Amino acid sequence: MPYIKREITKEVYDRAMEHNGVINDKDDINAVFSISELCGYGVYNDQVSQGEDGKYYVNFYRGETCD
């Protein structure tokens, strides 16, 4: 499974931190992940983090096939 690190906004990060670091807001999920990731490949173990560069990220695994 590919491991992906994607930049997100501070607002998405803050809302996710209210849910133990997992993106839980429906609008945020749709803004951060593509429809093919959500309905095809699959998004697994998403977790937000703040990088040493001061930017915000979501780290997740994506399935290998879009079935």
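For the structure, check the block above.
Note that the structure is predicted; figures quoted are calculated from it, not measured. (Residues numbered from 1 in each chain as written. Predicted model: local features only at pLDDT ≥ 70, side-chain atom pairs only at ≥ 80, totals over all residues. Heavy atoms only, no water.)

Examining the nonpolar core
Here is step 1: Formed by Ile 4, Ile 8, Val 12, Tyr 13, Ala 16, Ile 23, Val 32, Phe 33, Val 48, Tyr 56, Val 58 and Phe 60, the largest nonpolar core amounts to twelve residues.
Here is step 2: Leave out the neighbours within four places in its chain, and Val 12 touches Ile 23, Asp 28 and Val 32. (Core = buried A, V, L, I, M, F, W, Y, C linked by side-chain atoms within 4.5 Å. Buried < 20%, exposed > 50% of the residue type's maximum accessible area, 1.4 Å probe, protein only. Contact = heavy atoms within 4.5 Å.)

Things to note about the environment of Val 58
Here is step 1: Assignment of secondary structure puts Val 58 in strand β3 (residues 56-62).
Here is step 2: On a C-alpha basis, the gap between Val 58 and Tyr 13 in space is 8.1 Å, while along the polypeptide they are 45 residues apart.
Here is step 3: Those residues in contact with Val 58, other than ones at most four positions away along the chain, are Ile 4, Lys 5, Arg 6, Ile 8, Ile 23, Val 32, Phe 33, Asp 46, Gln 47 and Val 48. (Helix = DSSP H or I, 4+ residues; strand = E, 2+ residues; numbered from the N terminus.)

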